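Commentary on secondary and tertiary structure
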Amino acid sequence: MSGRFEATVEVDRPIAEVFAYLADGRNDPQFSPRVLRIERIPDAPTSVGTIFRSTVKDAGMKTAREFRITSLEAPTRLRWAEVSKNTVTAREGGYDLEPLPDGGTRVRLHNVLEGHGLGKLLVGLALAAARKDADAFGRRIKAAAEAAITPS
């Protein structure tokens, strides 16, 4: 079983700067409290093939995660796929960005969660939790990006 969740938020910063902020997955702990540690491999600008390796805490358990960047079209589109082996993984995910007339940026985040083994029983719970938190997650992205990116 698999399922999708998404969130949309408007960030009061220019699209190129929001894209650069989000493309650097090392910023994820600023808006995702579940991310305890993250590194970019190689330690170079994000491109197709870049891996983000992290330790996350879900439901009280720490797990290792690896995501590979599968598509990057600055400044409007970023895609990833989880390559780690966990019971519930993000088979695909991404950000779609669009410029707003006022100079801000609309950001749409989505992830497709998939269960493996026992995870096939748990993916419904993971999806319910992710969907319940989606709007708050979007607000955390907005707050973190606006705090990190100096207004023009």
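Residues numbered from 1 in each chain as written. Predicted model: local features only at pLDDT ≥ 70, side-chain atom pairs only at ≥ 80, totals over all residues. Heavy atoms only, no water.

In terms of helices and strands, the protein carries two helices and seven strands. Computed over C-alpha atoms, the radius of gyration of the protein comes to 15 Å, within 12% of the 15 Å expected from 2.2 N^0.38 for 152 residues, which places it in the range of a compact globule. Projected onto its principal axes, the C-alpha positions of the protein cover 50 × 35 × 25 Å. Relative to all contacts within the protein whose residues are 6 or more apart in sequence, the contacts with residues 24 or more apart total 49%. With an accessible surface of roughly 8000 Å², the protein has 56% of that area assigned to carbon and sulfur atoms. Computing the positive centroid from 23 side-chain charges and the negative centroid from 20, the protein places the two 6 Å apart. (Helix = DSSP H or I, 4+ residues; strand = E, 2+ residues; numbered from the N terminus. Rg over C-alpha atoms; globule rule 2.2 N^0.38 Å. Contact = heavy atoms within 4.5 Å. Areas by Shrake-Rupley, 256 points an atom, 1.4 Å probe, with all protein chains shown as cover. Lys, Arg positive; Asp, Glu negative; His and termini not counted. Charge placed at Lys NZ, Arg CZ, Asp CG, Glu CD.)

Among the nonpolar cores identified, the biggest contains 25 residues, and L22, F31, Y95, L97 and V107 are the most heavily contacted of them. If you list the elements that add at least two residues to this core, you get β1 (2-11), α1 (15-23), β2 (35-41), β3 (51-58), β5 (77-82), β6 (88-99), β7 (105-115) and α2 (119-148). Tallying contributions element by element places α1 first for this core, with six residues. Setting aside its immediate chain neighbours within four residues, F31 contacts Y21, L22, Y95, F137, R140, I141 and A144. V88, L113, L127 and A134 belong to the second-largest nonpolar core, a separate cluster that totals nine residues. (Core = buried A, V, L, I, M, F, W, Y, C linked by side-chain atoms within 4.5 Å. Buried < 20%, exposed > 50% of the residue type's maximum accessible area, 1.4 Å probe, protein only.)

What follows is about the sheet that holds β5. Note on sheets: strands pair through backbone hydrogen bonds, and any given pair is parallel or antiparallel. Strands sit in the order β1-β7-β6-β5-β4-β3-β2 across an open sheet of seven strands; the sheet is antiparallel. At either end of the open sheet lies a strand with only one pairing partner, and these are β1 and β2. Going from strand to strand, the sheet's axes swing by 20 degrees on average, the running direction of each strand aside. Two strands pair when backbone bridges link them, and β5 and β6 are joined in this way by four bridges, in the antiparallel orientation. (Pairing = 2+ DSSP bridges. Axes fitted to C-alpha atoms, helices over the stretch in contact; angles between N-to-C directions.)

Before going further, it helps to examine the pattern of salt bridges. Using the criterion set out here, one finds 22 salt bridges in the structure. When the shortest N-O distance is used, the salt bridge between D12 and R13 registers 3.8 Å. Exposure remark for D12: the relative accessible area of 46% places this residue in the partly exposed category. We note a salt bridge from R91 to E92, for which the minimum N-O separation is 3.9 Å. Since its relative accessible area comes to 36%, R91 is described here as partly exposed. Among the charged side chains, a network of salt bridges with common partners joins R4, E6, R79, D96 and R108. (Salt bridge = Lys/Arg side-chain N within 4 Å of Asp/Glu carboxyl O.)

So, on to the environment of M61. Mapped onto the elements, M61 comes out in strand β4 (residues 61-73). Look at M61 and you get exposed, because its relative accessible area is 54%. On a C-alpha basis, the gap between M61 and D135 in space is 24 Å, while along the polypeptide they are 74 residues apart.

Here we come to the pairing of β5. Summarising burial for β5: five of the six residues are buried, a large majority. As paired strands, β4 and β5 are joined by six bridges and run antiparallel to one another. Looking at the pairing, E73 lines up with R77 of β5. The antiparallel pairing of β4 with β5 creates a hairpin that spans three residues between the two strands.

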